[in-house]
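The lines below spell out each chain.
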Amino acid sequence: MKHRVLIMRCDEYRADAIAGIIKEGMEELGVKPFGKTLLKPNCVAAHPELFPHAFTRAEFLEGAILAMKAKGEAVTELGVAERSGITIPTRWCFKNAGYDEVIARNRVRATYLDEMKHVSVELKHKDRLRDFIFVPKPIAECDFLVNLPKFKAHPWTRLTLALKNYIGLQDDRHRLVDHNSFLEHKIVDLQEVVQSSFIAIDAISAGQKMMLTPTPFHMGAIIMGSNACAVDTVGCHIVHVKPQDLVHLRMAAERGFGPLDLSDIEVGGDFPLDEIQERCTEFQFCLERVDRYFGPDGNLACSVGAFPEDHSRDYCWGGCPGALQEAVHIFRVYYPDILQEMKKVRYVVGKVEAPLNLEDGERVLFAGDCTSWQGNLNGEKLAIAGSYRTRAEVDAHKTRSNDMILKIVGQLWECFKSRSSRHLHARGCPVSVAAHVNYLSALGGVKNPNFDPRNVLSVNWAYLQMRLHRFWNHLFG
Ligand code: SF4
């Protein structure tokens, strides 16, 4: 039997209208939630001014909750579960996304996955990255997972739809494991833990180019289905991407999680595929290497070398370079001309063997554990040694916490120690977006958005709450 995917028209964020469309979709697809039901939106970052287009909108979440309630005679628990982007407390994002009101009004449970105990789940597929993967206990134990992605382009994986939304399940300790050139493999491994029982993509206003700071694109649709590969395949066609080019989708299909070919999918709904394709001919992506993306008109230049894994020698799409792009776009929200205003910085990533030929005053950020270089800097010999660890060498049971405060203090201390040096080596695999922000701010001599007075108190208050709840849940959860 063919998998079914529905594309429905929806031009505005009205919870009652969205609820009606999702209910209709559930009826047509024969979806009946039951037991412990969790709704997983994409709330990687949310703020009305800073990240207004990065997340599944609150009205969409409310529409989905109302639909689950209407169709959920067999539901025993209904909750909203998510882990926002690395180090950002999920509580802070929920508040800024407007989720708190929706959750309170509809009397459902908020499950902040960064505060939950994680359990290891055994993986069995022959192409798995690891024998075990860590996921939050509520995810491992849920009966019915409702996947509510935001339709967005993604600078690391091209698109983030149903499959990629799973990266938002893990807490920071486990999220960065294999978040490098193995990111696509990891997305697929997560499908083995739990598959989406129902998917509704918020494609009313889609996001272009970046994942944290996308530009809005009116798509005017809700895309629904009950197989993530089928939904993502249709999503690819909507924005003129070959499904085979969405690497994690191809891998998931190869592992048997669903179709990759449109002929294996029955596409229905009131918004014909060719019509929405026509609307999306100008949808924009940003899948560019950093050495091409940052041009001579700015003060940031990049030297990209070779990378350690055979399948990605020429570029690390899931790691540091993409984090740099996201970091620069975060700066741009605050300072649109950051690339012209900052001091000259050379970003070096991978094994670079050529001389850097720095300009006067240009400082160097060597980024990531795989990065190595040797040569003369300031008239002195310098050797940056790579310390990349292979998958087998990284024990997922012994990972660092990646705690927000510890990370920020550690990175600022590194910057302080290197204040009179011409270079700094940022360690990590990957170096996160937040870390890139700290390092660029120090080397480029620009204000650090992490200390923006609009957010510093609220973020830290949410952080303290997160730590307390996390402590409690780890003791008694
Ligand atoms: S250190 Fe960064 S660039 Fe190098 S492999 Fe790891 S994530 Fe990729």
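Preceding this paragraph is the structure being described.
This is a predicted model, so every value here is computed, not measured. Here the residue numbers are simple positions, counted from 1 along each chain's written sequence. Local features in a predicted model are, by the rule used here, given only for residues with pLDDT of at least 70; side-chain atom pairs are given and counted only at 80 or more, and totals for whole chains, interfaces and linings are based on all residues. As a rule here, side-chain values cover all heavy atoms of the structure and leave hydrogens and water aside.

**With respect to the overall build of the chain**
Under the convention used in this document: Strands here are runs of E lasting at least two residues and helices are runs of H or I lasting at least four, both read from the DSSP assignment and numbered beginning at the N terminus. C-alpha atoms define the radius of gyration in this analysis, and the globule rule sets the expected value at 2.2 Å times the number of residues to the power 0.38. Contacts were defined at the residue level, with two residues in contact if any of their heavy atoms lie within 4.5 Å. To be clear on the numbers: accessible area is Shrake-Rupley with a 1.4 Å probe, and residue cover counts the displayed protein chains and nothing else. In this tally, Asp and Glu contribute negative charge and Lys and Arg positive charge; neither His nor the terminal groups of the chain are included. We put the charge of a Lys on NZ, of an Arg on CZ, of an Asp on CG and of a Glu on CD.
From N to C terminus, the chain includes 16 helices and 17 strands. Its C-alpha atoms give the chain a radius of gyration of 22 Å, near enough to 23 Å, the size a compact globule of 477 residues would have. Referenced to the eigenvectors of the C-alpha coordinate spread, the extents of the chain come out at roughly 70 × 50 × 45 Å. The contacts of the chain with a sequence gap of at least 6 include a subset with a gap of at least 24, amounting to 74%. About 19,800 Å² of surface is accessible on the chain, with carbon and sulfur atoms providing 50% of the total. Where the 58 positive side-chain charges of the chain centre and where its 59 negative ones centre are 5 Å apart.

**Considering the packing of aromatic side chains**
The cut-off we apply is this: Working definition: rings of Phe, Tyr and Trp (its six-membered ring) pair if their centres are within 6.5 Å, and the pair is stacked with planes under 30 degrees apart, edge-to-face with planes over 60 apart, and tilted otherwise. The classification of residues rests on relative accessible area computed with a 1.4 Å probe and restricted to protein chains. Under 20% of the type maximum is buried, over 50% is exposed, and intermediate values are partly exposed.
The final tally for this structure, using the stated rule, is 13 aromatic pairs. Between the aromatic rings of Phe151 and Phe283, the centroid separation amounts to 6.0 Å while the plane-to-plane angle is 85°, which identifies the pairing as edge-to-face. Linking Phe151 in strand E8 (residues 150-154) with Phe283 in the loop between helix H10 (273-279) and helix H11 (290-293), this pair joins segments that are 132 residues apart in sequence. For the pair formed by Phe151 and Phe283, the shared burial category is buried.

**Quick look at unusual backbone geometry**
A negative phi angle characterises most non-glycine residues, just as the trans form characterises most peptide bonds. Here the residue pair Cys429 and Pro430 is connected by a cis peptide bond, since its omega of 10° sits within 30 degrees of zero. Checked against the element boundaries, Pro430 lands in the loop between strand E17 (423-426) and helix H15 (433-444). Its identity as a non-glycine residue notwithstanding, Arg107 has a phi of 50°, on the positive side. Tracing the sequence through the fold places Arg107 in the loop between helix H4 (99-105) and strand E4 (109-112). The backbone of Asp178 shows a phi angle near 65°, a positive value even though the residue is not glycine.

**Remarks on the environment of Gly368**
When you line up the elements, Gly368 lands in strand E15 (residues 363-377). Once residues lying within four places of it in the same chain are set aside, the contact partners of Gly368 are Cys320, His425, Ala426, Gly428 and Val431.

**Brief notes about the pairing of strand E3 (residues 74-82)**
Along any regular strand the residues' side chains alternate between the sheet's two faces. Heads up, the condition is: Here a strand pair is declared whenever DSSP counts at least two bridges between the two strands. If you view a crossover with the strands going away from you and the path from the first strand over the helix to the second runs clockwise, you call it right-handed.
Summarising the sheet, strand E2 (residues 34-41) and E3 pair through 6 bridges and their orientation is parallel. Paired with Phe34 across the two strands is Ala74, which belongs to E3. Crossover connection from E2 via helix H2 (residues 58-71) to parallel E3: handedness right-handed. Here 4 bridges tie E3 to E4, and the two strands are oriented parallel to one another. Following the sheet pairing, Ala81 is matched in E4 by Thr111.

**What about helix H1 (residues 15-29)?**
Quick note on the threshold: What a helix should span is 1.5 Å times the count of its residues minus one. For this quantity, the arc is that covered by the directions from the helix axis to the C-beta atoms.
In a regular helix each residue adds 1.5 Å, so 15 residues correspond to 21 Å; H1 covers 21 Å between its end C-alpha atoms and thus fits that length. All of the buried residues along H1 are Ala15, Ile18, Ala19, Ile21, Ile22, Gly25, Met26 and Leu29. Looking down the long axis of H1, one finds its buried residues gathered within 165° of arc, a one-sided arrangement. At its buried positions, H1 is contacted by strand E1 (3-9), H2, strand E10 (198-208) and strand E11 (215-225). Within two residues after H1, Gly30 carries a phi angle of roughly 70°, on the positive side.

**Some remarks on the packing of helix H7 (residues 183-193) against helix H9 (residues 247-254)**
Quick note on the threshold: Every axis corresponds to a line fitted to the C-alpha atoms, with the helix fit spanning only the stretch in contact, and the corresponding angles, defined between N-to-C directions, vary from 0 to 180 degrees. Any angle between 65 and 115 degrees counts as roughly perpendicular, while under 35 counts as roughly parallel, over 145 as roughly antiparallel, and the rest as oblique. Take the far helix as the reference: if the near one is turned anticlockwise from it by less than a right angle, the crossing is left-handed, and if turned clockwise, right-handed. Residue polarity follows a fixed list, in which Ala, Val, Leu, Ile, Met, Phe, Trp, Tyr, Cys and Pro are nonpolar, Asp, Glu, Lys and Arg are charged, and the others, Gly among them, are polar.
Contact pair H7 / H9: the axes reach a minimum separation of 9 Å and the direction vectors enclose 45°. Classed by the angle they form, the pair H7 and H9 counts as oblique. When you trace H7 past H9, the crossing you get is right-handed. Side by side, H7 and H9 meet where Glu184, His185, Ile187 and Val188 of the first sit next to Val247, His248, Met251 and Ala252 of the second. Taken together, the residues of the contact of H7 with H9 break down into 5 nonpolar, 2 polar and 1 charged.

**Quick notes on the site of the ligand**
Put simply, the rule reads: By convention in this text, a residue qualifies as near a molecule or strand provided that one of its non-hydrogen atoms is within 4 Å of it.
Not every one of the 13 residues close to the ligand is listed here, only the nearest: Cys316, Cys320, Asp369, Cys370 and Cys429. Sorting elements by how many residues they give to the shell around the ligand places E15 first, with 3 residues. Considering only residue class, the shell around the ligand consists of 8 nonpolar, 4 polar and 1 charged.

**Topic: the environment of Gln325**
Within the secondary structure, Gln325 sits in helix H12 (residues 320-334). Since its relative accessible area comes to 1%, Gln325 is described here as buried. What Gln325 contacts, discounting residues up to four positions off in sequence, is Pro155, Met210, Cys286, Glu288, Val290, Tyr293 and Phe294.

**So, the environment of Phe34**
In this fold, Phe34 is placed in strand E2. Exposure remark for Phe34: the relative accessible area of 40% places this residue in the partly exposed category. The spacing of Phe34 and Thr76 is 42 residues in sequence and 6.9 Å in space, taken between C-alpha atoms. Every residue in contact with Phe34, bar those within four places of it in the chain, is listed here: Ala74, Val75, Asp143 and Phe144.

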